[in-house]
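Listed here are the chains, written in short residue letters.
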Amino acid sequence: MPYAVGEFRDAWQSYPVLIRQYHPEWNAGIVLTQIPPAADVLLTWECDVGHVFVATPAEQRGRPGRERRRSVWCPECQVMAKPQRWPVLPEDWPAVVPVPQRAVRTTGRQTLPAAGRGSSLPTGAVASSRARGAGWRPSGQRAPRPPRTICPKTPRLPSGDAFISVCAPATASAVEAELRQALSDRFDFTFDRTAIRLDRPFHDHVEAWPDIILPELRVAIEYDSTGRHGLEHVGPREESDRRKDRALRGVGWEVVRIRTGRLPALGPYDLQVSGVSGRTIERLVDTLRDVRGALFVDAYAR
């Protein structure tokens, strides 16, 4: 039986990260201050990215540091984290970086005097392209990557839920509107959802924005063309499409892509067509029946 509310408030007060991770609605309505820190009971937690996992209070409090990195206290983030590997230097490697003859700006052709007496540059440093006083780094050392930021506007929902997102871009393609209208004329699906909650970040969000979302079937429809200049959905953008499909399938959705402009199929249910027509709509409906079953799909027919 849980203790009275506030019984262990002081014990949890010094762990703000754990307080943020804990959700009473996922733990039978029991608040964190009712649970002894040494209780041998599994609780449900959620990291800042959105991964849901179970752990005991002792396991959570015993992990290194109170203000911890995500890769330390979330098991899924820890698996996906890629620690930086530093090269192993030989024992006879000089401890002092040699002084270069010329120091150059990192983003320009202007040269500066070599570091030494009367110079404002430290030994072995290069002039930074940033404003004076922004710091320096030894020659040859890479600048650290900026920390990855995750958009906080995505609501806390179970992975795979479809919702109306404030971050989703507005529909800019007339073909997407035509596809949506053709499906709406034939089926009584919900067409107002604009995003799907993911379980891992995708382009600084934990949500994806397919062109058409069918929550009843858990099917996302994408319309792909090469665009006016022939650069859309090719090269690196094709790899982004593959990552998006993997992220959606990872939360229980299937993806059907309508590929035009001789774009190759990326998934088992993709359609390669020359354009959107009545025949394309028929092929799309048949594909939905193949994915979820004819009886289930036809149950929403108007």
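Check the entry above for the structure.
Quick summary incoming for the structure in this document. (Residues numbered from 1 in each chain as written. Predicted model: local features only at pLDDT ≥ 70, side-chain atom pairs only at ≥ 80, totals over all residues. Heavy atoms only, no water.)

**Here's the deal with the pattern of salt bridges**
1) Next: As enumerated under the stated definition, the model contains 17 salt bridges in all.
2) Next: One salt bridge in this structure joins Arg 249 and Glu 254, with 2.8 Å as the shortest N-O distance.
3) Next: Accessibility expressed as a relative area gives 31% for Arg 249, which makes it partly exposed.
4) Next: We classify Glu 254 as buried; its relative accessible area is 14%. (Salt bridge = Lys/Arg side-chain N within 4 Å of Asp/Glu carboxyl O. Buried < 20%, exposed > 50% of the residue type's maximum accessible area, 1.4 Å probe, protein only.)

**Some points on the sheet that holds strand 11 (residues 271–272)**
1) Next: As summarised here, the arrangement of the four strands in space is 8-9-10-11, forming an open sheet in which the pairing is mixed. In this open sheet, the two edge strands, each paired with only one partner strand, are strand 8 (212–214) and strand 11.
2) Next: In the sheet, strand 8 pairs with strand 9 (residues 219–224) via three bridges, with the strands oriented antiparallel. Across the sheet, the residue bridging to Ile 213 is Ala 220, located in strand 9.
3) Next: Where helix 6 (residues 174–186) meets the sheet, it contacts strand 8, strand 9 and strand 10 (254–259), and its direction lies at approximately 140 degrees from that of strand 9.
4) Next: The strands that helix 7 (residues 236–250) touches are strand 9 and strand 10; relative to strand 10, the one it contacts most, it runs at about 150 degrees. (Pairing = 2+ DSSP bridges. Helix = DSSP H or I, 4+ residues; strand = E, 2+ residues; numbered from the N terminus. Contact = heavy atoms within 4.5 Å. Axes fitted to C-alpha atoms, helices over the stretch in contact; angles between N-to-C directions.)

**Some details on the nonpolar core**
1) Next: Counting 22 residues, the largest nonpolar core has Leu 214, Leu 217, Val 219, Ile 221, Ile 258 and Leu 284 as its most contacted members.
2) Next: Secondary structure elements with two or more residues in this core: helix 6, strand 8, strand 9, strand 10 and helix 8 (278–292).
3) Next: Sequence-distant contacts of Ile 221, defined by excluding residues within four places in its chain, comprise Leu 183, Pro 210, Asp 211, Ile 212, Leu 214, Val 256, Ile 258 and Leu 284.
4) Next: With 18 residues, the next largest nonpolar core counts Leu 18, Trp 45, Cys 47 and Ala 55 among its residues. (Core = buried A, V, L, I, M, F, W, Y, C linked by side-chain atoms within 4.5 Å.)

**Re the pairing of strand 6 (residues 195–202)**
The two faces of a sheet get side chains in turn, since along a regular strand they alternate between them.
1) Next: Buried residues dominate strand 6, accounting for seven of its eight residues.
2) Next: Relative to strand 6, strand 5 (residues 162–163) is paired through two bridges, and the arrangement is antiparallel. Bridge pairing in strand 6 links Phe 163 to Ala 195.
3) Next: Inspection of the sheet shows strand 6 paired to strand 7 (residues 205–208) by three bridges, in the antiparallel sense. Paired with Arg 197 across the strands is Glu 207, a residue of strand 7.
4) Next: In textbook terms, the turn of a hairpin is the stretch between consecutive antiparallel strands, and for strand 6 and strand 7 this stretch comprises two residues, one of which, His 203, has a positive phi near 55 degrees.

**Some thoughts on the packing of aromatic side chains**
1) Next: The tally for this structure, following the rule as stated, stands at six aromatic pairs.
2) Next: Taking the centre distance of 5.5 Å and the plane angle of 65 degrees together, the rings of Tyr 22 and Trp 45 count as edge-to-face. In this pair, Tyr 22 sits in the loop between helix 2 (16–21) and strand 1 (43–46) while Trp 45 sits in strand 1, placing the two residues 23 residues apart along the sequence. The two residues Tyr 22 and Trp 45 agree in class, both being buried.
3) Next: On the basis of an interplanar angle of 45 degrees and a centroid distance of 5.3 Å, the ring pair of Phe 189 and Tyr 300 is categorised as tilted. (Phe/Tyr/Trp six-rings, centres within 6.5 Å; stacked < 30°, edge-to-face > 60°.)

**Looking at the sheet that holds strand 7**
1) Next: Strands sit in the order 5-6-7 across an open sheet of three strands; the sheet is antiparallel. Strand pairing shows two members of the sheet lacking a second neighbour, strand 5 and strand 7, which therefore form its edges.
2) Next: The strands touched by helix 7 are strand 6 and strand 7; relative to strand 6, the strand with the most contacts, the crossing angle is about 110 degrees.

**A few points about the environment of Glu 222**
1) Next: Take Glu 222: it is sitting in strand 9.
2) Next: With relative accessibility at 4%, the residue Glu 222 sits in the buried group.
3) Next: Along the chain, Glu 222 and Val 256 lie 34 residues apart, while their C-alpha atoms are 6.3 Å from each other.
4) Next: Setting aside residues no more than four positions away along its own chain, Glu 222 makes contact with Trp 209, Pro 210, Asp 211, Lys 244, Val 255, Val 256, Arg 257 and Ile 258.
5) Next: Here Asp 211 takes part through its backbone nitrogen, which lies 3.4 Å from a polar atom of the side chain of Glu 222.
6) Next: Of note is the side chain of Glu 222, whose polar atom sits 2.7 Å from the side chain of Lys 244. (Polar contact = N/O pair within 3.5 Å; in protein donor to acceptor, adjacent residues only side chain to side chain.)

**Side note on the side chain of Ser 165**
1) Next: Inspection of the secondary structure assignment puts Ser 165 in the loop between strand 5 and helix 6.
2) Next: A polar contact is formed between the side chain of Ser 165 and the backbone nitrogen of Ala 168, at a distance of 3.4 Å.
3) Next: One polar contact links Ser 165 to Glu 207, side chain to side chain, over a distance of 2.4 Å.
4) Next: With residues up to four places along the chain from it excluded, the contact list for Ser 165 reads Thr 194, Ala 195, Glu 207 and Trp 209.

Nothing here speaks to function; it is all geometry.
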